[in-house]
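Here's the letter readout for the chains.
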Amino acid sequence: MAEKAETKKTTPRQAMPEQKPEIRRRNFQEVPVGYTMEHAMTEASRCLQCKKPGCVEGCPVGVDIPGFINLITKGDMTGAIRNLWAKNSLPAVCGRVCPQEIQCEGLCIVGKKGDAVAIGNLERFVADYERMHGSGELPPREKPTGKKIAVVGSGPSGLTVAGDLVRKGHDVKVLEAFHKPGGVLVYGIPEFRLPKEIVFSEVAFLERLGAKLECNQVVGRTVSLDELFEEGYDAVYLGVGAGLPKFMNIPGENLVGILSANEYLTRANLMKAYLYPEVDTPIPIGKNVVVLGAGNVAMDSARTAMRLGADSVRIVYRRSRDEMPARKAEIHHADEEGIEFFLLTAPTRFVGDDKGRLTGMECLKMELGEPDASGRRRPIPVKGSEFMMDCDLVIVAVGAGANPLLTQTTPDLALNKWGYINADPETGKTTKKGVWAGGDIVTGSATVILAMGAGRKAADSIHNYLTWGW
Amino acid sequence: MFKIVQRKEMAGGTIVLNEIEAPLIAKKAKPGQFVILKANEAGERIPLTMADSNPEKGTITIIYMVVGKSTAIFKALKVGEGYQDVIGPLGKPTHLEKLGTVVCVGGGTGIAVLNPITKGLKEIGNNVISIIGARSKDILILEDEMQVASHKLHVCTDDGSYGHHGFVTEVLKQVLEKEDVKLVVAIGPVPMMKFVSKITKDFNVPTMVSLNPIMVDGTGMCGGCRVSVGGETKFACVDGPEFDGHKVDFDELMRRLQAYSEDEKKCYNDYCTLQQA
């Protein structure tokens, strides 16, 4: 036993094969190319199969991590995907976009003395293996209950709710406002980080399970929440996302050449404008691009701009590297691809030419003061440190707010002071009977997996309601 | 697919009418609201304010001018064919109120959007005077419909080929001098709305304009359609599309509408070359 543990320790973490930075910075193909079977078996063998696994506690949806990894070591990929599906409807997505370093892998015992087991890479491997070589056999579905549920929004939380409830035998319809399903997975996360084909295949999987999907349905406009109940739905889940872009509110922000990250990424991802003119939606191509903000969305925007052919792409952020909210892997990838970081820098105004097109941005240097409410050190402007930065495209990626489209038309839905829906954190129940909510429209911008965790809890609560009552 | 049940070419084929099967949208649509249309898989999402809706028949009507590749693709769609995606109704409906005498000013395809609003203002009991204009007689649309929707109709052409020789603003000025006008609704090209708003400001008559900036989603997500109204940034898709004409920064709007003009020109030319080949 001791000897076995020793071998495990000496086996290094299997590096994920990736496209080289100098090549991938100009293409939209996925950056990591995925483990081979050999990588996966070797990596899986590093797991200690802890009796009290920390990794599971770190997973917002409670995936049985040692369990699925053990099945990989036995070569039972069908067993492994079944195990994953029991807790996670979207493993191919989560394996790619979860912040594993602060979740499962952050609590991995192997990681205490060396590199954690590459749980995310293994999850991705199992899901990809099933998609490419799997039997296509569906997980079991309970017998029909005759209950109808409408899921509003087809992002990560909505898809989780749909997957959970359809398996419990309920009749589920997902309503999506865009013309394609997937929510932020499709309009927000770029192709090079999450190929859209994977999202569509996860959605197709849910449809094969029996969930119905309808696009072009703007709930709050095309149909109201109350009308859904009139149509005979027994419960409604709201997972509409945050979806209101925040701007800087500084002079010159409406110049041509300043876009919200939402607009820039939606053009690039959902509308596939990176293929323009093969597709009809254009996207501004910047020579000198500035991205404001340092979260995952900022990294996605910066790396997209580089791929579209920019000469320079700069991330401008008012705090320091330690406070950057993006996933470590994204910052690392951006760095490798030649994105420059202008830290402790904040814009004060934009300037343009006589045609109203952006030509530059005035910035101010910052220094870090005492910690603020977020626990991060507050940036304080350095007097007289103004300087100009030439740029012809600015992408504002400083977060999102609550989109009021649905909530405005549903007055009996209680909101907090920022306009997010008040929902019980344990059940997702809102103040309106028969209505649940989860994901970014409750918490504000967060991660795919947290939205899925909220969806999981809400699905359990909806199932209880449909079985026992409110 | 959203099937086209009626198709009509107007103004010598430069303007096209499509009546489209969209029962859910037709049930909800009110004057002043818009839809987003996408013709096919590679298509662009194009916002267009509806010219009519028929809840019984389950159809909506759009009238658009062919200005680029996307609208050229729309034009190529025949009856029985259709749009891959139609999303709506979007935006806030026009606030219709009985005020007394109101003036409806329309130019180009703006007349199509103005028509249901004019009808609504008349039905609610206003005295409606309408002024519509076009560059010349052969590209003037919906004269008969506007005649029916209004108590009095003035027609103007820039080249004098029909009606008053000159701009709608000249006739508007005369009407404002004579009548006690409570509201002006102006829908058309941005310069027209700008100059109408300038004149009505001198007369201190509240003015409503309907804007059609560049947008992607139409649900408040992208912020591409932002306009400055009274110094504040508004999203035309959810806060509009109608705004107080006295507060809109029309110059900024015109510049923002030009954001992709180079791309659009090239794309359209390439498309036309391809069609001819």
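None of these values were measured; they are calculated from a predicted model. (Residues numbered from 1 in each chain as written. Chains lettered and ligands numbered in written order. Predicted model: local features only at pLDDT ≥ 70, side-chain atom pairs only at ≥ 80, totals over all residues. Heavy atoms only, no water.)

**Student:** Could you give an account of the pattern of salt bridges, with specific residues and numbers?
**Tutor:** Working definition: two side chains of opposite charge can pair if their charged atoms are close together. Residues and elements named next belong to chain A. Taken as a whole and assessed by the stated rule, the structure comprises 40 salt bridges over all chains. Asp171 is the salt-bridge partner of Lys212, the closest N and O atoms lying 2.8 Å from each other. One end of the pair, Lys212, is in strand S3 (residues 212–214); the other, Asp171, is in strand S2 (residues 171–175), and 41 residues separate them in sequence. For Lys212, a relative accessible area of 43% translates into the label partly exposed. Of the residues examined, Asp171 reaches a relative accessible area of 31% and is grouped as partly exposed. Notably, a salt bridge pairs Arg307 with Glu337, separated by 2.8 Å at the nearest N-O pair. Linking Arg307 in helix H15 (residues 296–307) with Glu337 in the loop between helix H16 (328–336) and strand S9 (340–342), this pair joins segments that are 30 residues apart in sequence. A relative accessible area of 5% means that Arg307 is categorised as buried. (Salt bridge = Lys/Arg side-chain N within 4 Å of Asp/Glu carboxyl O. Helix = DSSP H or I, 4+ residues; strand = E, 2+ residues; numbered from the N terminus. Buried < 20%, exposed > 50% of the residue type's maximum accessible area, 1.4 Å probe, protein only.)

**Student:** Break down the pairing of strand S4 (residues 235–238) of chain A for me, citing the residues and quoting the values.
**Tutor:** Residue and element names in this part refer to chain A. What you see with S4 is no split at all: Ala235 and Tyr237 on one side and Val236 and Leu238 on the other are buried throughout. In this sheet, S4 lies alongside strand S1 (residues 148–152) in parallel orientation, the contact comprising four bridges. Looking at S4, one finds that Ile149 is bridged to Ala235. Where S4 meets strand S16 (residues 435–437), three bridges bridge the pair, whose relative direction is parallel. Paired with Leu238 across the strands is Ala437, a residue of S16. (Pairing = 2+ DSSP bridges.)

**Student:** Describe unusual backbone geometry, with residues and values.
**Tutor:** With an omega of 5°, the peptide bond running from A:Tyr276 to A:Pro277 counts as cis. Structurally, the position occupied by A:Pro277 is in the loop between helix H14 (261–268) and strand S7 (288–292). Residue B:Pro241 is bonded to the preceding B:Gly240 through a cis peptide linkage, with omega at 15°. Following the sequence through the fold, B:Pro241 ends up in the loop between helix H7 (236–239) and strand S17 (242–244). Backbone geometry places B:Leu142, a non-glycine residue, at a positive phi of 60°. Along the chain, the position of B:Leu142 falls in the loop between strand S10 (127–134) and helix H4 (143–149). By relative accessible area, B:Leu142 is classed as buried at 10%.

**Student:** Explain the interface of chain B and chain A residue by residue, including any values.
**Tutor:** Interface size is often expressed as the accessible area that is lost when the parts come together. Counting residues at the interface gives 45 residues for chain B and 44 residues for chain A. When the two sides are added together, the surface that chain B and chain A hide from each other amounts to roughly 3,500 Å², 52% of it contributed by carbon and sulfur. When the buried area of chain B at its contact with chain A is split by residue, B:Met221, B:Arg226 and B:Tyr260 rank highest and sum to 20% of it. Remark: the boundary between chain B and chain A carries three salt bridges. (Contact = heavy atoms within 4.5 Å. Buried area = accessible area lost by both parts, 1.4 Å probe.)

**Student:** Tell me what's going on with the side chain of A:His170, and back it up with residues and numbers.
**Tutor:** Residues and elements named next belong to chain A. Structurally, His170 can be placed in the loop between helix H10 (156–167) and S2. Among the polar contacts listed, one links the side chain of His170 to the side chain of His463, at a separation of 2.9 Å. With residues near it in sequence (within four places) discarded, His170 still touches Arg141, Thr145, Lys147, Ile149, Leu165, His463 and Leu466. (Polar contact = N/O pair within 3.5 Å; in protein donor to acceptor, adjacent residues only side chain to side chain.)

**Student:** Can you break down the sheet that holds strand S2 (residues 15–21) of chain B residue by residue, with the values?
**Tutor:** All names here are of chain B. Strand order in the open sheet made by the five strands is S5-S6-S2-S1-S7, with antiparallel pairing throughout. Single-partner strands in this sheet number two, and they are strand S5 (52–54) and strand S7 (82–83). Inspection of the sheet shows S2 paired to strand S6 (residues 59–65) by seven bridges, in the antiparallel sense. For Ile20, the partnering residue across the bridge sits in S6 and is Ile60. On top of the sheet, helix H2 (residues 69–76) reaches strand S1 (2–10), S2, S6 and S7; it is set at about 130° to S6, its chief contact. (Axes fitted to C-alpha atoms, helices over the stretch in contact; angles between N-to-C directions.)

**Student:** Describe the packing of aromatic side chains, listing the residues and the values that go with them.
**Tutor:** Across all of its chains, the model carries nine aromatic pairs over all chains by this definition. With a centroid separation of 5.7 Å and an interplanar angle of 85°, the aromatic rings of B:Tyr64 and B:Phe74 are classed as edge-to-face. Taken together, the residues span a long stretch of sequence, with B:Tyr64 in strand S6 and B:Phe74 in helix H2 at a distance of ten residues. When sorted by exposure, B:Tyr64 lands in the same class as B:Phe74, which is buried. Judged by centre distance (4.9 Å) and plane angle (85°), the ring pair of B:Phe74 and B:Tyr83 falls under edge-to-face. Given the relative accessible area of 1%, B:Phe74 is considered buried. Every member of this aromatic cluster is reached through a ring pair, and the members are A:Phe28, A:Phe192 and A:Tyr274. Sitting over the ring of A:Phe192, A:Arg307 keeps its end group 3.8 Å from the ring centre. We note A:Arg314 situated over the ring of A:Phe342; from NZ or CZ to the ring centre the distance is 5.8 Å. (Phe/Tyr/Trp six-rings, centres within 6.5 Å; stacked < 30°, edge-to-face > 60°. Lys NZ or Arg CZ within 6 Å of the ring centre and 35° of its normal.)

Just geometry here; none of it tells us what the structure is for.
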